[in-house]
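Structural overview for review
Here is what each chain is made of, one letter per residue.
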There are 2 protein chains.
Amino acid sequence: MSKPVKVGICGLGTVGSGTFNVLTRNAQAINARAQGELEITVVGARRDNPACDLGDTRVTRDIFEVARDPEVDVLVELIGGTTVARDLVTEALTNGKHVVTANKALIAEFGNELFALAEQNNVVIRYEAAVAGGIPIIKALREGLAGNRIEWLAGIINGTGNFILSEMREKGRDFADVLAEAQALGYAEADPTFDVEGIDAAHKLVILASLAFGMPLQFSSVYAEGITRLTTQDVEYAEELGYRIKHLGVAKQSDEGVELRVHPTLIPESRLLANVNGVKNAVLVEGDAVGPTLYYGAGAGAEPTASAVVADIVDLARELGAGQQCRVPALGFATDALQDLPIVPMERVSTAWYLRMEAEDKPGVLSQIASIFSDQGISIEALIQKAPAAGETRVPLILLTNKAVQGNVDRAVASIEGLDTISGEVTRIRVEALDG
Amino acid sequence: MSKPVKVGICGLGTVGSGTFNVLTRNAQAINARAQGELEITVVGARRDNPACDLGDTRVTRDIFEVARDPEVDVLVELIGGTTVARDLVTEALTNGKHVVTANKALIAEFGNELFALAEQNNVVIRYEAAVAGGIPIIKALREGLAGNRIEWLAGIINGTGNFILSEMREKGRDFADVLAEAQALGYAEADPTFDVEGIDAAHKLVILASLAFGMPLQFSSVYAEGITRLTTQDVEYAEELGYRIKHLGVAKQSDEGVELRVHPTLIPESRLLANVNGVKNAVLVEGDAVGPTLYYGAGAGAEPTASAVVADIVDLARELGAGQQCRVPALGFATDALQDLPIVPMERVSTAWYLRMEAEDKPGVLSQIASIFSDQGISIEALIQKAPAAGETRVPLILLTNKAVQGNVDRAVASIEGLDTISGEVTRIRVEALDG
Ligand SMILES: NC(=O)c1ccc[n+]([C@@H]2O[C@H](COP(=O)([O-])OP(=O)(O)OC[C@H]3O[C@@H](n4cnc5c(N)ncnc54)[C@H](OP(=O)(O)O)[C@@H]3O)[C@@H](O)[C@H]2O)c1
Ligand SMILES: NC(=O)c1ccc[n+]([C@@H]2O[C@H](COP(=O)([O-])OP(=O)(O)OC[C@H]3O[C@@H](n4cnc5c(N)ncnc54)[C@H](OP(=O)(O)O)[C@@H]3O)[C@@H](O)[C@H]2O)c1
């Protein structure tokens, strides 16, 4: 009834070998689901990978051969990066091949151009694996929640970062110490900057936001703050206040435009997101009709990521096998309906705040600080003042504010840092209630 | 480019009015996502519903007129029940209309016949709203996890039941008391049997299991145990042992076949599922490639349920507007690939157990009990023995066992109930670690 769909896999690293293995091991169920045969026609890899036995699958050492192979219907890009991968995907699309990719950097930075090229060539690009690994969050936003106006979403979308924060909280370990372990365990990249500086999360967030709000990808507009400056002290004080610190990507639509931000965040400990630990990912989405929904699972790893890659291939195969087109738009909205929504500048973004400072332990300090906040229209929600350590004249002072725009907090903090009763910088971390 | 897709809504109750309102309010975004126009051509309702303003939408008082209306492409069945609804859907399919429904009873009990009829008529039935309301769990199983062999799933899939259990735990209230409130709040059906006896959950579970394992629907094979006999005492003892009691639907694939069961279950308090409270639903799915994933959200209510109905309509419209077929099979697997898997009889189902009994407070009782368990090959994992209340000679004895098949537990319990040192019946509740 339907013709085999021919797949070419480029890149045989972690995800490439996982994809090959899952497609092979679960071939029977996958073909039954796809209503036809999925065939791995060729693998493009510079070298073999002991993690998978290619059997008599055809292999080429030149990945671009896959993009030119007249037999291939779907090219699966799993080489990573934004240089060669961009050329490879461009060539595949130009040659009329559909593309499946796990490459968040490529989609976040070059998605607009690639989606347009795909449309011109009457093919599609699918990228479920690019965000939150095996969790079908792209599909949820693009299809499952299609009836909703999405109001906001917030996600733990970098597994390495979440592993580090979970260990810091559970075992009181230092950031640097846990990062070294994450690297040893293979969670973190060799260059961990992408993980811990929030760049990887920013790549994923911008994709989620475009799907949620119907706007072209605007990677350069994401505010990204990493977790490198978090201390176990802050993790503990947060706990005392009933919060956990998570590294969140937050996208929110308001009258002013769209907020796109990645930063450490205090969230109430009773929230499900606060209880997502280790390398797991989760995304909370608030829709006007459905209310809050949450999606949880493995955000990385060979087979979890392969699960998403294969789902994309099955989606394509269900249509292609019957000679049809895939009709789901790349960002969930018809291209001509995408809107360049304004991005809210960070100084106008309003959240509650956690502030920690070192203050002289003497009368009048609190009232000085309170009056500075009051001048900026910021009200204080909770306060912890610690007893001074033996021989110390300074005490840690921890405040939770009500919602305040960052500009006002900046000004208050500048004034506080100018007080001679305060030493050093004020530590600030945003707080999100995540309750709609 | 694409022609309008014409929708006829039958039933204007909670979900019908919610669907009308969401389609109307979010028309612009929905059309942009569907890449074409969605038009509510006619509403079939015996009477108007003040919850929605139909404007100049055409209305018929005879729902069967919608099934015969030559203009209608998609009939949305929201009347409920399995008699008239079955006739209505049958007529719509026979007349070449696609069907979207929220009716779990109809799908669970008559899905096999209706899917076959749809296939004969080259149309499809979509039922995302039938399980877990607004959570796109059908889509996740049918598409998002298509690369996996699903090993098991476990869900809180009845909001009323979860509301009752949450209130019992949080406020120490009685079952009957909370049920009355749930009815007053409109959560429970007027006849609450479906909710509290596990029938509604059984309807949903059988649908999830068929999607997960690729088998025809077998509603009559589901074991369903309700929550009516749970006491606040058991809720508290469970808590003492580090567990929460949830009403779960569990489907599991093993060498022996498929387990299909709905029952109260102790789950470790640290699990996300243990922290899903109130009327919310959540489903945990274990796939061989992806590992555990979890989906959380509103399991009922006008607009959450409408969110799922509209998502189904958008899915259809994306294809139909371009004159294509919807190629995703009704149960995720090609019809000829569905397999009638054997159902594991309950006496052979193995789980850990919570057992509570009233025992004489005298020496030797524990060793009698221990020897009975040992005879059945059951080992004891934890035990709580309470001090006797003033003037009482009997004490509550609470045991957690390791995994044991129900047949052995039945025999052990029968022996224990026969001891003259034990009074009354032994309370038993299954325990699931939910850790893969
Ligand atoms: N790992 C995860 O858990 C995960 C999760 C989600 C998404 N992703 C994304 O998936 C993609 C692949 O990640 P990965 O973890 O599988 O990376 P990886 O293990 O480093 O594998 C990359 C593969 O691509 C090959 N490759 C790289 N550059 C090439 C080039 N210029 N020409 C030919 N082959 C080239 C590598 O070959 P050599 O071995 O010869 O260098 C290797 O086989 C990335 O976009 C990543 O962001 C990964
Ligand atoms: N409520 C939820 O949260 C929820 C969630 C998930 C799924 N569902 C499913 O959605 C479906 C609808 O539920 P609902 O809560 O919306 O029910 P509902 O509020 O009772 O509404 C049912 C509607 O169907 C009409 N109707 C019933 N029988 C009819 C008949 N024989 N002929 C013509 N009209 C008939 C009713 O008309 P009258 O008012 O004239 O009786 C009413 O408009 C059910 O299958 C239910 O299981 C509901």
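Only a predicted model underlies this, so the values are computations on that prediction, with no experimental measurement involved.

What the rule picks out here adds up to three aromatic pairs over all chains. Ring plane angle 75° and centroid distance 6.4 Å describe the contact between A:Y295 and B:Y295, whose orientation is recorded as edge-to-face. One end of the pair, A:Y295, is in strand β12 (residues 291-298); the other, B:Y295, is in strand β12 (residues 291-298), on a second chain. Here A:Y295 matches B:Y295 in class, with each residue buried.

Counting residues at the interface gives 58 residues for chain A, matched by 58 residues for chain B. Summed over both sides, the interface of chain A with chain B buries roughly 4,900 Å², with 53% coming from carbon and sulfur. Looking only at chain A, the three residues that lose the most surface to chain B are A:R33, A:R318 and A:R327, adding up to 17% of its buried area. Where chain A touches chain B, the interface holds four salt bridges. With a shortest N-O distance of 3.0 Å, A:D288 and B:R25 are connected by a salt bridge. Here chain A is connected to chain B by 30 residue pairs in polar contact (both at pLDDT 80 or more). Contributing elements (two or more residues each) for the side of chain A that touches chain B: α1 (14-25), α2 (27-34), α6 (137-144), α10 (199-213), β12 and α12 (302-320) of chain A. Broken down by element, the side of chain A that touches chain B gets its largest block of residues, nine residues, from α12(A). Residue classes in the side of chain A that touches chain B are distributed as 31 nonpolar, 14 polar and 13 charged. In this sheet, β12(B) lies alongside β12(A) in antiparallel orientation, the contact comprising three bridges. By the bridge assignment, A:Y295 is partnered in β12(B) with B:Y295.

With that settled, the discussion passes to the relation of the copies chain A and chain B. Overlay of chain A on chain B (RMSD 0.0 Å): rotation 180°, translation along the axis 0.0 Å. Expressed as an axis order, the relation between the two copies is that of a two-fold axis. Considering only C-alpha atoms, the part of chain A nearest the rotation axis is A:Y295, at 2.4 Å. Both copies share a contact surface, since 98% of the interface residues of chain A are interface residues in chain B too.

Two cysteines, two sulfur atoms, one covalent bond between them: this is a disulfide. Scanning all chains against the criterion turns up zero disulfides over all chains. For B:C10, which is in no disulfide, the shortest distance to another cysteine sulfur is to B:C52 and amounts to 14 Å. Given a relative accessible area of 0%, B:C10 falls into the buried group. Counting only cysteine sulfurs, A:C326 is the nearest neighbor of B:C326, a cysteine outside any disulfide, at a range of 12 Å.

So, about the sheet that holds strand β2 (residues 38-44) of chain B. Residue and element names in this part refer to chain B. Taken together, six strands build an open sheet; the order of strands is β3-β2-β1-β4-β5-β6 and the sheet is parallel. Each having just a single partner strand, β3 (59-60) and β6 (125-126) make up the two edges of the open sheet. Strand direction decides the pairing type here: strand β4 (residues 74-77) and strand β5 (residues 98-101), joined by four bridges, are parallel. Of the residues in β5, the one forming a bridge with E77 is T101. Packed on one face of the sheet, helix α12 (residues 302-320) meets β1 (5-10), β2, β4, β5 and β6 and runs near 160° to β5.

Residues and elements named next belong to chain A. UniProt tags E189 as "binding site: L-homoserine" (unreviewed entry). Note on placement: E189 falls in the loop between α8 (175-184) and α9 (193-196). The class of E189 is partly exposed, set by a relative accessible area of 47%. If near-sequence neighbours (up to four positions away) are discounted, E189 is found in contact with Q183 and D195.

This part is about the packing of helix α7 (residues 159-171) of chain A against α8(A). All names here are of chain A. At a minimum axis separation of 9 Å, α7 and α8 run at an interaxial angle of 130°. The angle between α7 and α8 falls in the class oblique. For the pair α7 and α8, the crossing hand works out as right-handed. Each of T160, F163, I164, E167 and M168 in α7 lies in contact with α8, whose residues at this interface are F175, V178, L179, E181 and A182.

Definitions and cut-offs
Residues numbered from 1 in each chain as written. Chains lettered and ligands numbered in written order. Predicted model: local features only at pLDDT ≥ 70, side-chain atom pairs only at ≥ 80, totals over all residues. Heavy atoms only, no water. Phe/Tyr/Trp six-rings, centres within 6.5 Å; stacked < 30°, edge-to-face > 60°. Helix = DSSP H or I, 4+ residues; strand = E, 2+ residues; numbered from the N terminus. Buried < 20%, exposed > 50% of the residue type's maximum accessible area, 1.4 Å probe, protein only. Contact = heavy atoms within 4.5 Å. Buried area = accessible area lost by both parts, 1.4 Å probe. Salt bridge = Lys/Arg side-chain N within 4 Å of Asp/Glu carboxyl O. Polar contact = N/O pair within 3.5 Å; in protein donor to acceptor, adjacent residues only side chain to side chain. Nonpolar A, V, L, I, M, F, W, Y, C, P; charged D, E, K, R; others polar. Pairing = 2+ DSSP bridges. Least-squares fit on C-alpha atoms with pLDDT ≥ 70 in both. Disulfide = S-S within 2.5 Å. Axes fitted to C-alpha atoms, helices over the stretch in contact; angles between N-to-C directions. UniProt positions renumbered as here; feature names shortened; annotations may be inferred. Parallel < 35°, antiparallel > 145°, perpendicular 65-115°, else oblique. Left-handed = near helix turned anticlockwise from the far one by under 90°.

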